[in-house]
Amino acid sequence: MHFPVELAHAAGALPVIIQEAEDPITDGEGAVFSFYCGYNRSVADQALKGRLKFLDAIMFGDHCVQLLGTADIIRWHDPELPIVFEQPVSSLDMDWAFDETRSVYVKLKEDVEELLGARITDDALKASISLFNRNRQLIRKIYEMRVAGTTDLSARQMQHIIKSSMVMDRQEHTGLLERLVEAIEARPASRRQGMPVYLSGHLCQAPKLELLDMIESTGTVVVGDDLYHGYRFISTDIDEEDDPMTALANWYLRKNEKVPCPTRADGDADWDEFLVRDMRRTGAEGLIVLVAKFCEPHMYYFPEIQERCRREGIPMLKLETEHDSMPMEAFKTRLETFVEVARRRRRHEKPESKQERSHAQC
Ligand code: SF4
């Protein structure tokens, strides 16, 4: 999540963000604790099935303790596969955070150079930074069009855009994005009808597409998100004028100002404050929080989000998701109730019963 993929690109590699696989977890089920999140269990499963052998190396960050265990499983199972572990500071508002982050990234650059037998020059790194910025800017433009209501791209389609950016060659992906933006501008669509909602949560793994479809099929239109497979991934550019290693360190510290990350400690950032502000900016009238089961960093922050929504009168629904089994029918019922209660609020009607209030914020 906090790896500056530009470093790998500048060394001539194709950086790929490992995705949660679709198939059921089998080999990995017994390899990591059952109370690890679906993403971790899926990554361990893919490693044990030999599906990550196409990689020259894996880089892990310390963004949660569960990943430490998954890195160990992969090391144990495949000692030949180099694992690089990056540990940038987790307390972002400390005086020493910048210097420490920069030195971690300098060490990471040396590790990548040694691994790939390539030298990362400043010019190559600047070129990669510029390409990746362009890619992020184009996706942000599509997000703006969605807020403006000039594109009718669904939540599913937005995820396809982000996920392909995570795994494809960025030059090729950027070319495709340019064509897509041109096509949208040439023939703007009007926004689909429905209650505008905001999606929050899901770190590391992408929400399942059928869940996104279900959310929008119950009378909502997703107008914004802070998902990792969403706006969080493309929120922050890297300064193209600065010394590139300094710029990377600043990017790491600054992206928390744009979209606060629950895996980092930062006294200056408030996730709930950000959500309220961003919901106003995007015109969202309801918040759907997607919590990947056993995601500790997310669970630490959820009570604050819940309390803030209650104080602000924001309709909020929490859906806890799993890798293998999700109670889709139960989700559908809860979503329909949520939409109905939120619509009543919009019409300045109070929820009629205690039961409705608990459905609106559960
Ligand atoms: S989804 Fe949460 S628990 Fe899982 S790896 Fe990411 S931060 Fe850790």
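Up top is the structure these notes are about.
These remarks concern the structure in this document. (Residues numbered from 1 in each chain as written. Predicted model: local features only at pLDDT ≥ 70, side-chain atom pairs only at ≥ 80, totals over all residues. Heavy atoms only, no water.)

## As for helix α10 (residues 244-258)
The cut-off we apply is this: Strands are runs of DSSP state E lasting at least two residues, helices are runs of H or I lasting at least four, and both sets are numbered from the N terminus onward. Here the expected span of a helix is defined as 1.5 Å times the quantity of residues minus one. Each residue is assigned a bend, namely the angle between axes fitted to the seven residues that terminate at it and the seven residues that start at it. Note on exposure labels: buried denotes an accessible area under 20% of the residue type's maximum, exposed denotes more than 50%, and partly exposed covers the range between, all computed with a 1.4 Å probe on protein chains only. Two residues form a contact once any of their heavy atoms are found within 4.5 Å.
Compared with the 21 Å implied by 1.5 Å per residue over 15 residues, the 20 Å span of α10 between its first and last C-alpha is a close match. Largest kink in α10: about 30°, centred on Y252. Most of α10 is tucked away: eleven of the 15 residues are buried. Within α10, burial applies to P244, M245, T246, A247, L248, A249, W251, Y252, L253, K255 and N256. In the core, the buried residues of α10 are packed alongside α1 (5-10), α4 (97-116) and α5 (122-148).

## Looking at the packing of helix α11 (residues 271-282) against helix α12 (residues 296-312)
Cut-off, in case you're wondering: Lines fitted to the C-alpha atoms define the axes, with helices restricted to the stretch that makes contact. Angles between their N-to-C directions range from 0 to 180 degrees. Relative orientations are named as follows: roughly parallel for angles under 35 degrees, roughly antiparallel for angles over 145 degrees, roughly perpendicular for angles from 65 to 115 degrees, and oblique for any other angle. The crossing is said to be left-handed when, going from far helix to near helix, the turn is anticlockwise and less than a right angle, and right-handed when the turn is clockwise. Only Asp, Glu, Lys and Arg are considered charged in this grouping, and only Ala, Val, Leu, Ile, Met, Phe, Trp, Tyr, Cys and Pro are considered nonpolar; every other residue, Gly among them, is considered polar.
It is at 8 Å that the axes of α11 and α12 come closest, and there the two elements cross at 50°. Compared by their axis directions, α11 and α12 come out oblique. The element α11 and its partner α12 pack so that their crossing is right-handed. Taking contact as the criterion, the partners of W271, D272, E273, L275, V276 and R280 in α11 are, on α12, H298, Y301, E304, I305, R308 and E312. When grouped by side-chain class, the residues that make up the contact of α11 with α12 number five nonpolar, one polar and six charged.

## Looking at helix α7 (residues 170-186)
In plain terms, the rule: Pairs of N or O atoms are called polar contacts if they sit within 3.5 Å, as long as, within protein, a hydrogen donor faces a hydrogen acceptor (for residues adjacent in sequence, only side-chain-to-side-chain pairs).
With 17 residues, α7 should cover 24 Å at 1.5 Å per step; its first-to-last C-alpha distance of 24 Å lies within 8% of that length. Buried residues belonging to α7 abut α1, α5, α6 (155-167) and α9 (231-234). Taking the backbone nitrogen of Q171 as reference, a side-chain oxygen 3.3 Å away marks D169 as the first, capping residue of α7.

## A closer look at the site of the ligand
To be explicit about the condition: Note on terminology: near, applied to a residue and a molecule or strand, indicates that one of the residue's heavy atoms is within 4 Å of it.
What surrounds the ligand is the set C37, N40, C64, Q66, L203, C204, C295 and P297. Of the residues in the shell around the ligand, the class split is six nonpolar, two polar and no charged.

## Some words on the pattern of salt bridges
Going by this rule: By definition here, a salt bridge exists when the distance from a side-chain nitrogen of Lys or Arg to a carboxyl oxygen of Asp or Glu is within 4 Å.
One pass over the structure, following the stated rule, counts 27 salt bridges. Measuring nitrogen to oxygen at the nearest pair gives 2.7 Å for the salt bridge that ties R156 to D213. Taken together, the positions of R156 in helix α6 and D213 in helix α8 (residues 209-217) put the pair 57 residues apart, joining distant regions of the chain. Since its relative accessible area comes to 30%, D213 is described here as partly exposed. In this structure, R344 and E340 form a salt bridge, with 3.3 Å as the shortest nitrogen-oxygen distance. Of the two residues, R344 and E340 are both situated in helix α13 (residues 328-346); the distance of four residues between them amounts to about one turn of the helix. For R344, a relative accessible area of 17% gives the class buried. By sharing partners, the salt bridges in this structure join D272, E273, R280, R308 and E312 into a single network.

## Side note on the sheet that holds strand β4 (residues 220-225)
Stated precisely, the cut-off is as follows: For two strands to be treated as a pair, DSSP must find no fewer than two bridges joining them.
Ordered in space as β4-β3-β5-β6, the four strands form an open sheet in which the pairing is parallel. Where the open sheet ends on each side, the last strands, each with one partner, are β4 and β6 (316-321). Across the sheet, the axes of successive neighbouring strands diverge by a mean angle of 30°, strand direction being ignored. Contacts from α11 reach β3 (195-201), β4 and β5 (286-292) within the one sheet, and its direction differs from that of β3 by about 150°.

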